[in-house]
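Residue strings, one per chain:
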Amino acid sequence: MRETSPLPRAAAFELSRRQLLRLFTVGAGATALRLRYRAPALANTSRAVGVSSFLTTDELVTLDAATAHIVPTDSNVGARECGTVDYIQGMLSFMPGSDANCDRHLSAADLSATVLGLRMPSPSCRDGGDVDGNGVVDAADVVFAESAVFDARPVYAGGPFSGRHPQPHVLEPSRNCRACHVAPVQQASSAATAGVPTLNYYPPNFFEEHVPLPRLQALSWKIRILGADAVPEVVDNPLASEVLETDLRRRYRDGLAALEAISQQQFGKPFVQLTGQQQTSVFNKADPDFVTLLTYHTVEGMLCTPEYGGNRDRLGWQLVGFDGDSQPLGYAIYDESVPGSYHERPDRPNFGPNPDEDCAGFSRNIDNFLTIVSQAGLTQPGRRFSNPYCLDVPK
Amino acid sequence: MSLPSNILGVLGNTDLDRFDALIIGSGAGGSAAAHVLAATGQKVLVLEAGDNHFPGLDHPGMIPWPLYSNDEIKMTIRRFDFQDPLVEPRTFRQTERDVARAHPDVNNLTRNVGGAAVISSVSYPRFTAIDFRMASALQDAGRSYPGTSFADWPLSYDELEPFYAETERLSGIAGIAEGEGADPFQSSRSGPFPLPPQPEMYAGRVLANGATQLGYHPFNYLSAVNTRPYDGRSPCVSCGLCTNYGCARNAKGSPAVTTLRKALLTGNCQLRYNAHVSRLMLDSARRHIVGVEYIDNDGQTQTATAEYVILAASPIESVRLCFLSDPDGPSIGNSSGHLGRHMMFHFQTIGVGIFKQRLHGERGRSITNGMADLRGITEGGAALRQDWPLGGVIEFGTSSEPITAARESLQPQALAFAHVVGVSFKQLLVESPFHAHIAVMIMHGEDAPQPTNRVDLDPTVRDVFGLPVPRLTYKNHAFELDASTFYKPKMLDVLEAAGAAYGFFDPFDPSVPPTSRHIMGGLRMGSDPHESVCDAWGRFHDVDNLYCVDGGLFVTGSGYNPTTTIIALGLRTAAAIVSPAGPERLLSAAPPQSLGIHTRPHVSAIREYYRRGRPFGTRAAH
């Protein structure tokens, strides 16, 4: 593992020529940077212009291999194709307070504001830029802000709509929807909306916004990202150091380093070059807490709304047969003309199975597994029923 | 230490500075009280500990879109609204002999403008007639349960009925009052439900089909979810992500968009959010509250005063405030020694059916069907059913959240199990037996009140404000455990009749605190000051200007969802404050304001919210 120094808090702050230069580079390269990390090989893009992400390139390579081991790619997509690594990097990079200009977006402008020590005069944003919350805007804030501004995803994405689904027209006529825009024709004639009385008006994507954190949530997220030591107020709360999902930066730094150390020790190779069986053996030797954490975050990275960085192109949702957010269209569309009546989407009926579904059940080994689960001592009086059937589905 | 405090927190009439009423908590009970008081000209200050996710809620005209969305990471995984145990922990133990330990979820509720009902399934059935005289009923039947503290309520179902009807009108309850699809175990009503019944979702239909085959009486669940445009709010589109989610289109008639909003629009109400009340200030005689202290979003302590104070912080926090406020004395309202005792949570028995077909929990409302046949009472809620114990209403649900399902069902033990039979993690994710194929029966079993089940202050653990945290001591009684055992085979029969391939139950672990979110008792109401904390009108026996309007008042827990009763009691208490002679007369028969189709989404408020980078809606609404 390469030596890394993610949090050089002690670094003396001066607005050096180098830093200013970097700031300008950053501004110019912002569009390229928004592409973010796509595959390990591309991670160098952000390095090249000198922006410090939290996880380093080497760590990202290990993380990518580890998530791909948890949900591998086979005939279907796995964690890798879903961009799980982006989700985790986006989560670890977040720092409350890095939205220095308080516009609810993280951008290069926040970094400028932090580097220049700018504070917004607005009373609603009086601490913007003081990322670590020590009362002054200094070098440490710049370091935090750097990773946050370019890699962080929202802790809480905005609402109410993602803009992926149209307004049902019977409810909200277009002429009154000032925020809506006309979608391309091909979107309107997709299978999802065929036969449904919609106009092609899609609301804006509010999910791309950050919902700002009030004080308590900001403190809580500091504990999650930096650990209980960073928040002296919680000294009398044992949970702040016991809960698994705290101190995430340290857990990832240590956990990924440990995976590499075990790989080298056992097989003399980096983790990414091991076979699946060898990787399993490394996982079995690793800290089980870290493996659990990684498993949780892998699932989250695959199935989150895409605005959190994972679930790229909604591949994760497709894999598990989940349609994701559906507002404002939904599945039972109220018909104003006949009080109390609803339209259904033919491909996604609210009251029954999809038209193309069968009653075939599970593969044999899942059936074996469920038989054991339903008869296990813990779940008594569980049962395997003798005559299962499917309502409304032809056998 | 300072942190970004880019959130100012006032809604309603910001010009008000003298108040008649001060309400702690903007949830079901507090908002109901605020509505009645503001409508009758009282000047009301509401202090809410949580954040506001309804920007522009006080804006006259159309109700604006909220910040809620179909986003599982935000709402469920990262708990947008929930009280956060990293900064506000609670501790739990089973008995007085144990040492309580901090636990991440001691039946934590959300803290947000509008309270926990905002993200609930808004299942709003009433309690039944027998629930208000359960102690007498059990005694008459010769059933006794040592260690329990059953008592009759100091009011009857008939006394509460007008307030139930008003609750249903305000919240917009969809349901069927009689005939097929009605719940035959609900008690008599003075009128029909204001809204037509809900369209059923697939899993609900499947389980109702099974229940019908066995001769049970599944009913269209009573929910405050719009089935047509109502009170200026749009109808539900069955988006699927419902329980744990605030409604993205305000189709849920939760307190925020009904009672609270009405109060804010009167011009007589001011709501301060991110305002955490830390102390009630007593006068020297300990008979009168002179004001409260709260901690604002900057961590600064502020004070507020009013003629009278209404506690509506939900029972665990309301009880905690009473203990915190008089550390050197006997605690507020505790002359009887009953403060914090008789806590009830409903004992949930969760039967899981795995079906061969996908049941599509990702669409449909949260709960559209249920049955009360296993409640253990007779039709109309008139009497105890012979030979059957008291169970609870059963909600027919399913799983709508893939990440949560994966996290809960793919625990290391389950995965080790799966590995033995050659099932990979990915196969479980893709075939999804514990998510896409499940229908769930959730029984809200009545749990017996026990004086030993209580809330007090933990001696060592403190929250982020340095205040002692609530300590819950709770152990289930054989009363509810035996009932659960009795009803489990009957629930399995329903799953089998519905066509399930497998059926089992969520294992019960008494060492883990309950997570039912139905929190009742602790500030028990009663006529006898030696046996209760509050009187029949929710006023503290010990303090002349302090009231409670949350679930703390409950004497027994019934076996139905509690929110309707919390709201009805809140309306009733507030009505009694302003019209002691005849609180029922305050109820107006007029339909809700601005009935009509909600044709234009009010987008300007939320656009403003994002664009200006500060909260919108702090203007006074006169």
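Nothing here was measured: the structure is a model prediction, and the numbers come from that model. (Residues numbered from 1 in each chain as written. Chains lettered and ligands numbered in written order. Predicted model: local features only at pLDDT ≥ 70, side-chain atom pairs only at ≥ 80, totals over all residues. Heavy atoms only, no water.)

Asks: Explain the packing of aromatic side chains to me, please; I cannot follow it from the model alone.
Replies: The geometry of an aromatic ring pair is captured by the separation of the ring centres together with the interplanar angle, meaning the angle of the planes. Residue and element names in this part refer to chain B. What the rule picks out here adds up to 25 aromatic pairs over all chains. Judged by centre distance (5.0 Å) and plane angle (65°), the ring pair of F132 and W153 falls under edge-to-face. Pair noted here: F132 is in the loop between β5 (101-103) and α3 (134-140) and W153 is in the loop between α3 and α4 (157-171), with a separation of 21 residues, a long-range link. Here F132 and W153 have matching classes, each one buried. (Phe/Tyr/Trp six-rings, centres within 6.5 Å; stacked < 30°, edge-to-face > 60°. Helix = DSSP H or I, 4+ residues; strand = E, 2+ residues; numbered from the N terminus. Buried < 20%, exposed > 50% of the residue type's maximum accessible area, 1.4 Å probe, protein only.)

Asks: Help me understand the layout of surface pockets, please; the structure alone is not making it clear to me.
Replies: If you roll a probe as big as a water molecule over the atoms, it shows you where there is empty space left. Computed from the structure, the second largest pocket encloses a volume of approximately 830 Å³. Along the wall of the second largest pocket there are 25 residues; nearest its centre are A:F283, A:V291, B:L415, B:H419 and B:F425. Elements represented by at least two residues in the lining of the second largest pocket include exactly α4 (57-70), α12 (276-285) and α13 (288-303) of chain A together with α8 (402-409), α9 (412-420) and α10 (425-431) of chain B. Of all the elements, α13(A) adds the most residues to the lining of the second largest pocket, at 6 residues. Across the lining of the second largest pocket, the residue classes tally to 16 nonpolar, 7 polar and 2 charged. (1 Å grid on protein atoms, 1.4 Å probe; cavity = no way out; pocket = protein on both sides within 12 Å on 5 of 7 lines; lining within 4 Å. Points joined across faces, edges and corners; volume = space filled by probe spheres on them. Nonpolar A, V, L, I, M, F, W, Y, C, P; charged D, E, K, R; others polar.)

Asks: Where do I start with the pairing of strand β18 (residues 502-505) of chain B in this structure?
Replies: Side-chain positions along a regular strand alternate between the two faces of the sheet. Every second residue of β18(B) is oriented toward a common face, with B:Y502 and B:F504 on one face and B:G503 and B:F505 on the other, all of them buried. Pairing between strand β5 (residues 383-384) of chain A and β18(B): 2 bridges, direction antiparallel. Bridging from a neighbouring strand, A:R383 pairs with B:G503 of β18(B). Alignment of strand β12 (residues 347-354) of chain B against β18(B), held across 4 bridges, turns out to be antiparallel. If you follow B:I354 over to β18(B), its bridge partner there is B:Y502. (Pairing = 2+ DSSP bridges.)

Asks: Hey, could you run me through the environment of A:A109 in this one?
Replies: All names here are of chain A. Mapped onto the fold, A109 is located in helix α6 (residues 108-115). The class for A109 is partly exposed, based on a relative accessible area of 38%. Each C-alpha atom, one on A109 and one on Y334, is 44 Å from the other, the two residues being 225 residues apart in sequence.

Asks: Looking at this structure, I do not really get the nonpolar core. What am I missing?
Replies: As a rule of thumb, nonpolar side chains are buried together in soluble globular proteins. Counting residues in each nonpolar core, the largest one holds 199 residues, and the members touching the most others are A:Y252 and B:F540. Dropping the residues within four chain positions of it, A:Y252 is found in contact with A:L55, A:L63, A:I88, A:L92, A:F290, A:L293, A:L294 and A:H297. Counting residues in each nonpolar core, the second largest holds 31 residues, with B:L359, B:W388, B:M491 and B:A500 among its members. (Core = buried A, V, L, I, M, F, W, Y, C linked by side-chain atoms within 4.5 Å. Contact = heavy atoms within 4.5 Å.)

Asks: Is there a simple way to think about the confidence of the model for chain B in this case?
Replies: Residue and element names in this part refer to chain B. With 92% of its residues at a pLDDT of 70 or more, chain B shows a mean pLDDT of 90. Here residues 611-622 is a poorly scored stretch, pLDDT under 50, and it has 43 contacts once near neighbours within four places are set aside; other chains count. Interface confidence for the predicted complex, given as ipTM, is 0.91, next to a pTM of 0.89. (pLDDT = per-residue confidence, 0-100.)

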